[in-house]
Amino acid sequence: MDFLDSPSEASFRAEAVAFLDAHAPRRDERGQDIVSFFEDEGTGEEQRAWVKACREWQRTKFEAGFAAVSWPREWGGRGGTVMEEIIFSQEEQRYDVETGAFLITLGMIAPTLMVHGTDEQRAHVARMLSGDEVWCQLFSEPTAGSDLAGMRTRAVRDGDEWVVNGQKVWTSGAHYSDWGYLQARSDFDVPKHAGLTAFILPMDAPGVTVRPLRQMTGGASFNEVFFDDVRIPDANRLDAPGHGWRVAVTTLMNERFSVGANTTGSRTWGGLLRLAREAGRTDDPIVRQRLAQIHIGLETLRFNGYRALTAISKGGAPGPEGSIGKLALVRVLAAMSALMVELSGPAGTLDGAVSRWCAGIPGVRIGGGTDEVMRNIIGERVLGLPPEPRSGDKTTPFSQLPS
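**Student:** Give me the overall build of the chain: which residues, what numbers.
**Tutor:** Each helix and strand counted, the chain has eleven helices and eight strands in total. When each of the 403 residues of the chain is scored for burial, the buried share is 50%. Summarising the internal contacts of the chain: among those between residues at least 6 apart in sequence, 75% fall at separations of at least 24. Carbon together with sulfur atoms contributes 53% to the accessible area of the chain, which is approximately 18,700 Å² in total.

As structure tokens, this is what we get:
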């Protein structure tokens, strides 16, 4: 890629900066914030205010044509280039705006609806972009995490409806979401990957119960979700019955790309430098070396994200390479966390931002696929290495698998 702005890109950058200057305050140029990876860490009124701020900023961008710069106009986007999308993202990071409530909605679910949804279902995409709808992803279960195809939430066809019973867990944002994207097992007598069906449903549907889970960070961004005889119209089914795994793969590829492209580390870089200065450690050669390695990691992540966006702009789709970004992100964030602990010392336990960061980062090794799953994907699908031995679980009817 050529990272120098062309005349048209320079013009777009000026337009984006003018819009941002008119609608949002700039962040401290020194970037001295420690930004939690889980941005909605507040509870009660604080969290509701955060979601409201995310919706309002999303609406402001949408009305000005900046909500999805490179998406086609038919989806509510601007119809611009991927480079323009990158430019807007670069500039937006310089401003004090809230976007986290739409990470899953726009980064994972909207692309899935575009590929697998009916025309009626795809109409949700524009409402997502406008900030009117926040969505959650109902995937993981108590017995189906890394082995997502092992899910047991049951969907039974009843005429023009499906009746769903079961439980999901670790569902981000379910407590403030308007809609959910659900994967459930519709056939127990075929191999596990062949028996899944995908649905969309309003989160206030009768029989849906959401219970927030308190984390060791103090926040409650994850939830348990229970389904008790929830009726979903067949019109809300995504793709054909039994094609749920195909739909899920589309989501997972986008999820790993979105997580790998997360800018939390870059936004916290200035805060890490501040800690080093306040601790009087900026002349320490070991600390300087560690800071340099973290900076290199952040820059590598940024350019790897640009490379992936470029491939998408040429007609591709997020692939297993997204696992590289996700795995690399975890390593960089873990290195930042370790250095924060060393620089802040015991006083770090009294610094709410530092303690939330350090308590939250271990969970990033799990969300979006564990480190071990990411390495398997990279080894098998990127490097072409032999797959791990399996016990026949991919070919045995699900009802015959031990549980």
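There's plenty left to go through after this.
**Student:** Tell me about the packing of aromatic side chains, and name the residues and values.
**Tutor:** Counted according to the given criterion, the structure contains eleven aromatic pairs. Ring plane angle 70° and centroid distance 6.0 Å describe the contact between Trp50 and Tyr176, whose orientation is recorded as edge-to-face. Placement of the pair is Trp50 in helix 2 (residues 45-64) and Tyr176 in the loop between strand 3 (161-169) and strand 4 (179-185), with a sequence separation of 126 residues. Here Trp50 and Tyr176 have matching classes, each one buried. One aromatic cluster is present, formed by Phe12, Phe19, Trp57, Phe66 and Phe88 through successive ring pairs. Taking NZ or CZ as reference, Arg78 lies 4.9 Å from the ring centre of Phe66, over its face. Above the face of the Phe398 ring, Arg185 is positioned so that its terminal group lies 3.7 Å from the ring centre.

**Student:** A description of the nonpolar core should follow, citing residues and the corresponding values.
**Tutor:** In this structure, Trp71, Leu113, Trp135 and Tyr181 are the most contacted members of the largest nonpolar core, which totals 36 residues. When residues of this core are traced back to their parent elements, those giving at least two are helix 2, helix 4 (103-116), helix 5 (119-129), strand 4, strand 5 (196-202) and helix 6 (244-260). Per-element tally for this core: the top contributor is helix 4, with seven residues. Apart from the residues lying within four places of it in its own chain, the contact partners of Leu113 are Gln121, Arg122, His124, Val125, Met128, Trp135, Ile200 and Leu238. One finds Leu272, Ala276, Leu291 and Val330 within the second-largest nonpolar core, a separate group that totals 22 residues.

**Student:** Before we move on, could you go through the pairing of strand 3 and cite the residues and values that matter?
**Tutor:** Taken together, the five bridges between strand 2 (residues 154-158) and strand 3 define a ladder with antiparallel strand orientation. Following the sheet pairing, Val156 is matched in strand 3 by Val163. Between strand 2 and strand 3, which pair antiparallel in sequence order, lie two residues; one of them, Gly159, sits at a positive phi of approximately 65°.

About the thresholds
Per chain, the residues get numbers from 1 upward, laid out in the order the sequence is written. For this predicted model, a pLDDT threshold of at least 70 governs which residues receive local features, and a threshold of 80 or more governs which side-chain atom pairs are given and counted, while totals over whole chains, interfaces and linings are taken from all residues. Side-chain figures throughout are based on the complete set of non-hydrogen atoms in the structure, without hydrogens or water. Helix and strand definitions here come from DSSP, where helices need a minimum of 4 consecutive H or I residues and strands a minimum of 2 consecutive E residues; each element is numbered from the N-terminal end. A simple rule labels every residue: compare its accessible area, found with a 1.4 Å probe on the protein chains alone, to the largest value its type can have, and call it buried under 20%, exposed over 50%, or partly exposed in between. Contacts are assigned to residue pairs with any non-hydrogen atoms lying within 4.5 Å of each other. For the area figures, the Shrake-Rupley method with a 1.4 Å probe applies, and any residue is considered shielded solely by the protein chains shown. Pairing of aromatic side chains here covers Phe, Tyr and the six-membered ring of Trp, requires ring centres within 6.5 Å, and sorts the geometry by plane angle: under 30 degrees stacked, over 60 edge-to-face, intermediate tilted. Either the NZ atom of lysine or the CZ atom of arginine qualifies as a charge over a ring when it sits within 6 Å of the ring centre and within 35 degrees of the ring normal. Working definition of a nonpolar core: buried Ala, Val, Leu, Ile, Met, Phe, Trp, Tyr and Cys residues. They are joined through side-chain atoms within 4.5 Å. Strands are labelled as partners when DSSP assigns at least two bridges between them.

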